[in-house]
Amino acid sequence: MKVRTRFAPSPTGYMHIGNLRTALYEYLIAKAQGGDFLLRIEDTDQKRYVEGATDIIYNTLKMVGMNWDEGPDIGGDFGPYVQSERKDLYAPYAHKLVELGGAHYCFCAEREKEVDEDGNEIICKFEDPCKKIPLEEARARIAAGEPYVIRQTINQTGKSKYEDKVYGIIEIDYDELDEGVLLKTDGFPTYNFANVIDDHLMGITHVVRGSEYLPSTPKYNLMYDTFGWERPIYVHLPPVMKDAQHKLSKRNGDASFQDLLAKGYLPEAIINYIALLGWNPGTEEEIFSIKDLEKIFSVERLNKSPAIFDIVKLTWMNGVYIRNLSGEEFYRLAEPYLADMPANVDKRALAAVLQPRVETLGQIKEQTDFIKELPDYAVDLYVNKKMKTDIEVAKAVLPEIKEVLFKQSEWNNDALFAALKSLAETKGLKNGQILYPARIALSGKETTPGGATELAVVLGKEESLNRIEQAIVKLG
RNA sequence: GGUCCCAUCGUCUAAUGGUUAGGACAUCACCCUUUCACGGUGGUAAUAUGGGUUCGAAUCCCGUUGGGAUCACCA
């Protein structure tokens, strides 16, 4: 049978990393088996709907290369793919479930949380008195216009049992299961119910979701069983953590996919990194494109313990992706970050020195700030023991450097380096005694992307000579 | 609180009864070098804990501890 998985986000306007990873695994489980990956929007909670949120979902999935085979925008044989458009479809199934004995009509007021004297929430199992109302009486009250919900009926005793692909056999006592609402007063289904109906109707073979659903899965199974439907294969995923105690969440202000993009992380690197948060290929390789992952992914290698999201390792991996880019591709990506560079700056040369030195595109700004404007630096920057330079050396050498550069007609790194190197030789100095002061004069910074001659190329001849002259004046 | 789940270097993880417990990030040292990076070499660093089972346990069982989840007309 063809594998079918689904990503079913609710449109809340925020694609967080845990969610993205769930989508990735759903996608990979399908694709590794030549199956279909579908997109379904779960918007049954009208209060939480956020305008434009579905576009964020579409754009994110497209950007990382997770193409869906069926979805709200492209359709498919099992639509509609937006739950609010499926609204009328659920109620008949709910009433059917009542007939089959798997649910009942309930007229209770909405449950309120009880609090004890210390302000702690009292947790107790809900015993629904409406369960005892004869079906005919309940139907009469509904006919009379009384508001009602449909609630799941759980009469089973003993242990429920199912197998999860990552956690193994899960056994839970039926007694622990809450008789939750399936169809709300407003006629909308709850997640619990809509999920079962939609997954069945859409032919979903593998239900992939967070491990928080592990304890409520027996309730879904009961519904599948009562309807006489085949239970899906379950794949529950451990959470992605911010630290040992907290899940990554919107509330904590943790990075979303969008935030990472804005900081200059590449979609390919993000996908590669999160794929490895809870899954490993069993080899020592760790750089994978999504196409690679489609070939090698297997559910068996999914991990069951939570994983902490480590931005440091993601940053490293992003650096790997940046370095693997061709010079042309990197230039294209870096260009927007170089928009405010002065016109005389050789942006291509600059991009070339930047590429091995940045791990995120966002780091370009701090690396290039000295180009726009020479910082007002302290003269003791010219002192460097290892390079055997100090203020006196700089004072002596800078006019000579200016002279050499002034005469230089070929303005590229090799030519400049050769020229300054021969200056050092004729003066009987070490290379560093020429190059270090030159670099400081050109940049006004202790560390720079590239050496003296590389910076001279980036700045151009005129600006380079100008800065060296300023240094000579500064040193008096 | 009841129930369910989890537990290997700081972090992500490998090792499905027999390894000097492996790799990657981070960290430290050294090399390369025109500063800083990149690259290269090497080092520090882990089986939470107590009992079993076994010739042999990170691995299987039980307890303890620590953490997480769940118990909504939210998904």
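Predicted model, so just to flag it, every value in this text is computed and none were measured.

Calculation notes
- Residue positions are given per chain, counted from 1 along the sequence in the order it is written.
- The lettering of chains begins at A and the numbering of ligands begins at 1, in the order of writing.
- Only residues with pLDDT of 70 or above have their local features reported here, since the model is predicted, and side-chain atom pairs are shown and tallied only from 80 upward, although totals for entire chains, interfaces and linings are computed over all residues.
- Computation of side-chain values covers all heavy atoms of the structure but excludes hydrogens and water.
- The term nonpolar core refers to a set of buried residues drawn from Ala, Val, Leu, Ile, Met, Phe, Trp, Tyr and Cys, joined through side-chain atoms within 4.5 Å.
- Throughout this description, buried means an accessible area under 20% of the type-specific maximum (1.4 Å probe, protein chains only), exposed means over 50%, and partly exposed covers the range between.
- Strands are runs of DSSP state E lasting at least two residues, helices are runs of H or I lasting at least four, and both sets are numbered from the N terminus onward.
- Contact definition: two residues touch when any of their heavy atoms are within 4.5 Å.
- The definitions used throughout rest on a 1 Å grid laid over the protein atoms alone, on which a cavity is an enclosed set of points accommodating a 1.4 Å probe that cannot get out and a pocket is an open set flanked by protein within 12 Å on both sides along at least five of seven lines; lining residues are those having an atom within 4 Å of a point.
- Grid points are joined across faces, edges and corners, and a volume is the space filled by probe spheres set on the points.
- Three classes are used: nonpolar for Ala, Val, Leu, Ile, Met, Phe, Trp, Tyr, Cys and Pro, charged for Asp, Glu, Lys and Arg, and polar for all others, with Gly counted as polar.
- By the convention used here, strands pair only if DSSP detects at least 2 bridges between them.
- The path from the first strand over the helix to the second decides the hand: if it runs clockwise while the strands point away from the viewer, the crossover is right-handed.
- Centre distance within 6.5 Å is the pairing criterion for rings of Phe, Tyr and Trp, where only the six-membered ring of Trp is used; planes under 30 degrees apart are then read as stacked, over 60 as edge-to-face, and the remainder as tilted.

(A) Representation of the nonpolar core in the model. Among the nonpolar cores identified, the biggest contains 101 residues, and Met66, Phe330 and Ile401 are the most heavily contacted of them. Per-element accounting of this core gives the leading share, nine residues, to helix 1 (residues 17-32). Filtering out sequence-adjacent residues up to four positions away, methionine 66 remains in contact with Leu20, Ala23, Leu24, Tyr27, Leu61, Ile271 and Ile290. Formed by 38 residues, the second largest nonpolar core is a distinct cluster that contains Ile172, Leu183, Val207 and Leu222.

(B) Just empty space enclosed by the protein, in detail. Applying the stated rule across the entire model yields three cavities of 30 Å³ or more. Put simply, the largest cavity is a space of about 60 Å³. Lining the largest cavity, in full, are Pro9, Ser10, Pro11, Thr12, Gly13, Tyr14, Met15, Asn19, Ala53, Ile56 and Ile57. The residue inventory of the lining of the largest cavity, partitioned by class, reads seven nonpolar, four polar and no charged. Size it by volume and the second largest cavity reaches roughly 40 Å³. Around the second largest cavity sit Ile401, Leu405, Leu416, Leu420, Ala438, Leu442, Ala452, Thr453, Ala456 and Ile468, which together line it. Those elements giving two or more residues to the lining of the second largest cavity turn out to be helix 14 (391-407), helix 15 (413-427), helix 16 (431-443) and helix 17 (452-459). Considered class by class, the residues forming the lining of the second largest cavity number nine nonpolar, one polar and no charged.

(C) Structural view of the pairing of strand 2 (residues 36-39). What you see with strand 2 is no split at all: Asp36 and Leu38 on one side and Phe37 and Leu39 on the other are buried throughout. Inspection of the sheet shows strand 1 (residues 4-7) paired to strand 2 by four bridges, in the parallel sense. What sits directly across from phenylalanine 7, in strand 2, is leucine 39. Taken together, strand 1, helix 1 and strand 2 constitute a β-α-β crossover, and its handedness is right-handed.

(D) The packing of aromatic side chains, seen in detail. This structure, assessed with the given rule, holds 13 aromatic pairs. Consider the rings of tyrosine 224 and tryptophan 229, whose centres lie 6.5 Å apart with planes at 70°: the pair is edge-to-face. The exposure class assigned to tyrosine 224 is buried, which follows from its relative accessible area of 3%. Arranged with centres 4.2 Å apart and planes meeting at 15°, the rings of phenylalanine 227 and tryptophan 229 form a pair that is stacked. Here phenylalanine 227 and tryptophan 229 have matching classes, each one buried. Chaining the aromatic ring pairs together yields one cluster made of Tyr93, Tyr224, Phe227 and Trp229.

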